[in-house]
Amino acid sequence: MRKHPSLSAGLRYKVLSFPPNFPLPPKAQEEAGTPTAVHSESYVLIGASNRFNSRLRLGMLPTADENASRTANFISAAEENEIWRIKDGESLLDFLEGALPQLPVRSILSSAEAHRFAESEGARFPPPQYSERFVDVLQGNECGVVLVGDALHAFPPDLGQGVNAGLEDIMKLRESLRRHGHDLANALPDFERNRRPDVKSLVRLMQVSHPLQYKQYKYLALLFQLKFIAQFLISKVSFGLIYRPPFLEVMNAEFTYSEILRRVERNCKRYQLGGYALGAASGLFFALRGRWLAAMACLLAPALLVALLFEKTPKEFELAD
Ligand SMILES: Cc1cc2nc3c(=O)[nH]c(=O)nc-3n(C[C@H](O)[C@H](O)[C@H](O)COP(=O)(O)OP(=O)(O)OC[C@H]3O[C@@H](n4cnc5c(N)ncnc54)[C@H](O)[C@@H]3O)c2cc1C
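Under an unreviewed UniProt entry, the name given to the protein is FAD-binding domain-containing protein, and the source organism is Chloropicon primus. Its UniProt record gives the protein the following Cofactor (unreviewed entry) comment, quoted word for word: "FAD".

Q: Tell me about the overall build of the protein, and name the residues and values.
A: Helix and strand counts for the protein come out as 11 helices and 10 strands. In terms of its C-alpha atoms, the protein occupies a principal-axis envelope of roughly 75 × 65 × 35 Å. Residues counted as buried form 25% of the 321 residues belonging to the protein.

Q: How would you summarise the sheet that holds strand S1 (residues 2-3) if you had to cite specific residues and measurements?
A: A sheet is described by the order of its strands in space; here 3 strands give the open sequence S1-S7-S10, paired in antiparallel fashion. Of all strands in the sheet, those bounded by a partner on one side alone are S1 and strand S10 (153-154). Across 2 bridges, strand S7 (residues 129-130) lies against S10 in antiparallel orientation. Counterpart to Gln129 in the pairing with S10 is Ala154.

Q: Account for the UniProt feature "transmembrane region" (unreviewed entry) in the protein, with residues named and values stated.
A: Taking the numbering used here, the UniProt-annotated feature "transmembrane region" (unreviewed entry) corresponds to residues 292-310. End C-alpha atoms of residues 292-310 are separated by 27 Å, and the span's content is 95% helix alongside 0% strand.

Q: Can you tell me about the site of the ligand, naming the residues and giving the values?
A: Residues in contact with the ligand, as listed here, are Tyr13, Leu61, Asn73, Gly149, Asp150, Pro157, Gly160, Gln161, Gly162, Val163, Asn164 and Gly166. When residues in the shell around the ligand are grouped by element, the largest group, 4 residues, is from helix H6 (residues 162-179). Looking at the shell around the ligand residue by residue, the classes come out as 4 nonpolar, 7 polar and 1 charged. Counting the residues that make up the shell around the ligand, at least three belong to each of domain 1 (10-124) and domain 2 (129-208).

Q: Which residues make up the UniProt feature "domain: FAD-binding" (unreviewed entry) in the protein, and what values go with them?
A: Per the UniProt annotation, the sites labelled "domain: FAD-binding" (unreviewed entry) are residues 144-202. In residues 144-202, helix accounts for 63% and strand for 8%; the two terminal C-alpha atoms are 25 Å from one another.

Q: Explain the domain arrangement of the protein to me, using residue names and the numbers behind them.
A: Along its sequence, the protein is organised into domain 1 (10-124), domain 2 (129-208) and domain 3 (218-317). Here the C-alpha centre of domain 3 lies 32 Å away from the C-alpha centre of domain 2. Listed by partner, the interface residues are 10 residues for domain 2 and 10 residues for domain 3. By residue class, the composition of the side of domain 2 that touches domain 3 is 5 nonpolar, 2 polar and 3 charged.

Q: Requested: an account of helix H7 (residues 184-208), with residues and values cited.
A: With 25 residues, H7 should cover 36 Å at 1.5 Å per step; its first-to-last C-alpha distance of 36 Å lies within 8% of that length. At Arg195, H7 shows its largest kink, close to 40 degrees, and the proline Pro197 lies no more than four residues downstream.

Q: Tell me about the packing of helix H10 (residues 257-288) against helix H11 (residues 292-309), and please be specific about residues and values.
A: The interhelical angle for the contact between H10 and H11, taken along N-to-C directions, is 175 degrees, at an axis separation of 7 Å. Viewed along their axes, H10 and H11 adopt a mutual orientation that is roughly antiparallel. Facing Gln272, Gly275, Tyr276, Gly279, Ala280, Ser282, Gly283, Phe286 and Ala287 of H10, the residues of H11 in contact are Trp292, Ala294, Ala295, Cys298, Leu299, Ala301, Pro302, Leu305 and Val306. Here the residues of the contact of H10 with H11 are counted per class, giving 13 nonpolar, 5 polar and no charged.

Q: Requested: an account of the pairing of strand S8 (residues 135-138), with residues and values cited.
A: Where S8 lies against strand S9 (residues 143-146), 4 bridges are found, and the strand directions are antiparallel. Residue Asp136 lies in a different strand from S9, and its bridge partner there is Val145. Counted between consecutive antiparallel strands, the loop separating S8 from S9 contains 4 residues, among which Gln139 sits at a positive phi close to 50 degrees.

Q: How would you summarise unusual backbone geometry if you had to cite specific residues and measurements?
A: Here Lys215, not a glycine, exhibits a phi torsion of approximately 60 degrees, which is positive. Summarising the element assignment, Lys215 is placed in the loop between H7 and helix H8 (218-237). A positive phi is found at Phe239, a non-glycine position, where the angle reads about 50 degrees. Positionally, Phe239 belongs in the loop between H8 and helix H9 (246-249).

Q: Run through the environment of Ala165, naming residues and quoting values.
A: The residue Ala165 is located in helix H6 in this model. Residue Ala165 is classed as buried on the basis of its C-beta count, with 22 C-beta atoms lying within 10 Å. Linking Ala165 and Ala154, residues 11 residues apart in sequence, is a C-alpha distance of 9.9 Å. Not counting residues within four places of it along the chain, the set of residues in contact with Ala165 comprises His153 and Leu202.

Q: Tell me about the nonpolar core, and please be specific about residues and values.
A: Within the largest apolar cluster, 23 residues are counted, with the highest numbers of intra-cluster contacts made by Val146, Leu188, Phe191, Leu202, Val203, Leu205 and Met206. Among the elements of the structure, H6, H7 and H10 are those that each provide at least two residues to this core. The element best represented in this core is H7, accounting for 9 residues. Non-local contacts of Leu202, meaning those with residues more than four positions away in its chain, are made with His153, Gln161, Ala165 and Tyr257. Counting residues in each nonpolar core, the second largest holds 13 residues, with Leu45, Leu93, Leu109 and Ala114 among its members.

Conventions and cut-offs
- Residues numbered from 1 in each chain as written.
- Predicted model: local features only at pLDDT ≥ 70, side-chain atom pairs only at ≥ 80, totals over all residues.
- UniProt positions renumbered as here; feature names shortened; annotations may be inferred.
- Helix = DSSP H or I, 4+ residues; strand = E, 2+ residues; numbered from the N terminus.
- Buried ≥ 20, exposed ≤ 12 C-beta atoms within 10 Å, placed from the backbone.
- Pairing = 2+ DSSP bridges.
- Near = placed C-beta within 6 Å.
- Nonpolar A, V, L, I, M, F, W, Y, C, P; charged D, E, K, R; others polar.
- Domains from an automatic or database assignment.
- Contact = placed C-beta atoms within 7 Å.
- Expected span 1.5 Å × (residues − 1).
- Bend = angle between axes of the 7 residues up to and from the residue.
- Axes fitted to C-alpha atoms, helices over the stretch in contact; angles between N-to-C directions.
- Parallel < 35°, antiparallel > 145°, perpendicular 65-115°, else oblique.
- Core = buried A, V, L, I, M, F, W, Y, C linked by C-beta atoms within 7 Å.

Right, here's the structure in full:
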């Protein structure tokens, strides 16, 4: 596997299971019009504390099965977060009662689940990674091995793409098998050749798209948030010159991961060109007024910003046009 750095790799997480119809807090009951959780809805349980070391946010995604338990990921960038120190179920229930005063925690969570969660070591997000070779044809044309899903590409859940990408691997494999009449010697290399650009692009997108959403570096996360909002707003008024942030683009099933990465790169180039054009125009403005120092600063500032803010795409992720 080829591993690549990411600002969210290594963060700790644990998963807490809620019963399917847990009671909603009174305010949410009013808004939702139901006293208990509904399987087709998403929920975010926000803890009372906003301190970095005791911050609690539990997100729950919808489930297809109305009787399935609701899993909530607890992810924290703070190694000192109180929850990591709790090792028994009783202390966990005490902690959650204080952290989530809006919920009758003890009547929702069984002590067995509290014990399981407290005793679990949890896990850490893997660095974005993929396998360069992922098919093999064995015994002539008799059988083959194919890696799909997390076995082929693993990464932190920044874009919520793990399951989608795995399902798409299967769809693409099926297309290759059909195209070659199930002749493995041709179908599997065809799958590998066609799927590789998207696998690589997906891994690159994980590095650059939204790794700071867990607030692990406060000020950098704030800058990232501002950049996200600015890019979203510019994309609305730039007549297609600037694309939406990749976090939103991945939700459009019509785009391949390669196409989204191309858009990210075009955005970078266009921001840079825009910066140089603005610098040149303001440089000219000051030069015409004889303010040579200001003119020089305007010409140099974009180059400095580009050098500081823009990372060149590693060769491995460059896409053929
Ligand atoms: C905290 C967190 C949040 C996430 N959020 C999202 C999200 O919002 N959206 C999203 O799309 N993805 C999300 N993901 C990623 C998603 O869970 C994975 O990408 C997806 O589950 C991968 O599916 P898979 O079938 O490839 O692998 P897995 O789900 O890991 O399945 C592999 C299976 O193989 C079994 N197995 C392993 N070894 C053996 C063996 N030797 N013999 C037999 N069986 C074996 C395992 O027990 C497991 O059941 C998240 C991941 C994490 C950790």
